[in-house]
Amino acid sequence: MADSITTEPGTVDGPTGAIGEPLIVLDHVDKHFGALHVLKDVNLTVHRGEVVVVIGPSGSGKSTLCRTINRLETIDSGTITVDGRPLPAEGRELARLRADVGMVFQSFNLFAHKTVLENVTLGQVKAKKVRPAEARDTAMELLERVGVANQASKLPAQLSGGQQQRVAIARALAMKPKALLFDEPTSALDPEMINEVLDVMVGLARDGMTMVVVTHEMGFARRAAHRVVFMDAGQVVEEAEPETFFTAPRSDRAKDFLSKILTH
Ligand SMILES: Nc1ncnc2c1ncn2[C@@H]1O[C@H](COP(=O)(O)OP(=O)(O)OP(=O)(O)O)[C@@H](O)[C@H]1O
Ligand SMILES: [Mg+2]
């Protein structure tokens, strides 16, 4: 396990602003799928306002790590806390956690038979008991913010991948999350659509959103991330500021991984 980089609460000015107190804390987290040990003694603290990029080879546990944070996967041992509270197991508390820690997936996961506007409205009304008219206003503001307000009455399949992913981001934002998790949000997109999604994410980072982003987009990491966490074989092998990680990785595993992705 690499040394943590110093992130003194409240004193570090990263690329997008000050970092606050710890918000998401994983402490000695272990997870198996049957005989497969997929998370091995993972320790990770994400501070309020911090943007952490998670990078690493296929199968290293990046998605599983994200999924454990909003309890789409359970863990075998260790603890995860969000805003000082252990993850709830079920019921209303779990629904609240999922609202507090939104997730944006590679495959968008929009409701196919609901309009764009309904996609961004539903969760607010159902989980947060927001009045429909207010939920619509919030949804339209968010759709405006991610640049797809003019698509509000369409079904997801009528939108491009980049537009759908921006709707998915708006939907997560509608729950007024404390943090957002992104699992390879641009890897299913055609190249010309990647930047329109990354630009929205950079905007969120600049606005101080706490974000954990699994991505190999080094441009995003350089523009927006305070820290890169490199995972391999279920372990956090190395963490560093983006520039340091990309130009001077310490571990052989990170060097090897970077040499592979940089030659693409
Ligand atoms: N539901 C599951 N059941 C069994 N094994 C699983 C399950 N989900 C993931 N795994 C295995 O756990 C390991 C970690 O998977 P994970 O999806 O977290 O990796 P990843 O780093 O996100 O990889 P990728 O870059 O390909 O998305 C892999 O070996 C994977 O095959
Ligand atoms: Mg994955």
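The residue count restarts for each chain, going from 1 along the sequence in the order it is written. Here chains are named by letter from A upward and ligands by number from 1 upward, in the order in which they appear as written. For a predicted model such as this one, the threshold for reporting local features is a pLDDT of at least 70, and the threshold for listing and counting side-chain atom pairs is 80 or more; totals across whole chains, interfaces and linings nevertheless cover every residue. Water and hydrogen atoms were dropped before computing side-chain values, which therefore reflect all heavy atoms in the structure.

On to the overall build of the protein chain, then. Secondary structure is summarised from DSSP: a helix means a run of H or I of at least four residues, a strand means a run of E of at least two, and numbering begins at the N terminus for each. Of the regular secondary structure elements, the protein chain holds nine helices and ten strands. Dimensions of the protein chain along its principal axes, counting C-alpha atoms only, are 50 × 40 × 40 Å. In this analysis, two residues are considered to be in contact whenever any of their non-hydrogen atoms come within 4.5 Å of each other. For the protein chain, long-range pairs separated by at least 24 residues make up 66% of all intrachain contacts whose partners lie at least 6 apart in sequence. Areas reported here follow the Shrake-Rupley algorithm with a probe of radius 1.4 Å; residue values treat only the protein chains shown as occluding. Accessible area of the protein chain: about 12,200 Å², with a carbon and sulfur share of 50%.

In this section: the UniProt feature "domain: ABC transporter" (unreviewed entry) in the protein chain. Residues annotated by UniProt as "domain: ABC transporter" (unreviewed entry) correspond here to residues 24–258. End C-alpha atoms of residues 24–258 are separated by 27 Å, and the span's content is 40% helix alongside 26% strand. UniProt positions are given in the numbering used here, feature names are shortened, and annotations may be inferred rather than shown by experiment.

Here we take up the confidence of the model for the protein chain. When pLDDT is averaged across the protein chain, the result is 91; 93% of the residues are at 70 or more. Note that pLDDT drops below 50 for residues 1–14; the model gives that stretch 30 contacts with residues more than four away or on any other chain. Per residue, pLDDT captures the predictor's confidence, and it can take any value from 0 to 100.

This part is about the sheet that holds strand 4 (residues 77–82). A pair of strands counts as paired when DSSP detects no fewer than two bridges linking them. Read across the sheet, four strands follow the order 2-1-4-5 without closing on themselves; strand pairing throughout is antiparallel. At either end of the open sheet lies a strand with only one pairing partner, and these are strand 2 (36–47) and strand 5 (85–86). Two elements, strand 4 and strand 5, share two bridges in a ladder whose sense is antiparallel. Paired with Thr81 across the bridge in strand 5 is Pro86.

A few words now on the site of ligand 1. Every residue lining ligand 1 is accounted for by Phe33, Leu36, Val38, Pro57, Ser58, Gly59, Ser60, Gly61, Lys62, Ser63, Thr64 and Glu184. Considered on its own, ligand 1 offers 640 Å² of accessible surface; in the complex 59% of this is hidden by protein. Among the secondary structure elements, those contributing two or more residues to the shell around ligand 1 are strand 2 and helix 1 (62–69). With three residues, the top contributor of residues to the shell around ligand 1 is helix 1. Residues are grouped as follows: Ala, Val, Leu, Ile, Met, Phe, Trp, Tyr, Cys and Pro are nonpolar; Asp, Glu, Lys and Arg are charged; all remaining types, including Gly, are polar. Of the residues assigned to the shell around ligand 1, the class counts are four nonpolar, six polar and two charged. By convention in these notes, a residue is near a molecule or strand provided one of its non-hydrogen atoms lies within 4 Å of it.

As used in this record, nonpolar core signifies buried Ala, Val, Leu, Ile, Met, Phe, Trp, Tyr and Cys residues forming a set joined through side-chain atoms within 4.5 Å. Using a 1.4 Å probe on the protein chains alone, a residue whose accessible area is under 20% of its type maximum counts as buried, one over 50% counts as exposed, and one in between counts as partly exposed. Formed by 54 residues in total, the largest nonpolar core has its most connected members in Leu143, Ile169, Phe182, Met201, Met211, Phe220 and Phe245. The leading source of residues in this core is helix 6 (residues 191–206), at nine residues. If sequence neighbours within four positions are ignored, Met211 has contacts with Glu50, Val51, Val52, Leu180, Phe182, Met201, Leu204, Ala205 and Phe220. Membership of the second largest hydrophobic core comes to 27 residues, among which are Leu23, Leu39, Ile80 and Val212.

For the rest of this paragraph, the subject is the environment of Lys178. The residue Lys178 is located in the loop between helix 5 (161–174) and strand 7 (179–183) in this model. Looking at Lys178, the relative accessible area reads 32%, which means it is partly exposed. The spacing of Lys178 and Val197 is 19 residues in sequence and 20 Å in space, taken between C-alpha atoms. Filtering out sequence-adjacent residues up to four positions away, Lys178 remains in contact with Leu23, Asp83, Asp100, Met209 and Thr210. Reaching out from Lys178, the side chain makes a polar contact with the side chain of Asp83 at a distance of 2.8 Å. Pairs of N or O atoms within 3.5 Å make up the polar contacts considered here, provided that, within protein, one atom can donate a hydrogen while the other can accept it, and that residues adjacent in sequence are counted only when both atoms are side-chain atoms.

Moving on, we get to the pairing of strand 8 (residues 210–214). Within strand 8, five of the five residues are buried, which leaves the element mostly enclosed by the surrounding structure. Both faces of strand 8 are covered, namely the face carrying Thr210, Val212 and Val214 and the face carrying Met211 and Val213. Both strand 3 (residues 51–55) and strand 8 contribute to a ladder of four bridges, which runs parallel. Directly across from Val54, in strand 8, lies its bridge partner Val214. Sheet topology places strand 7 next to strand 8; five bridges connect them, and they run parallel. If you follow Phe182 over to strand 8, its bridge partner there is Val213.

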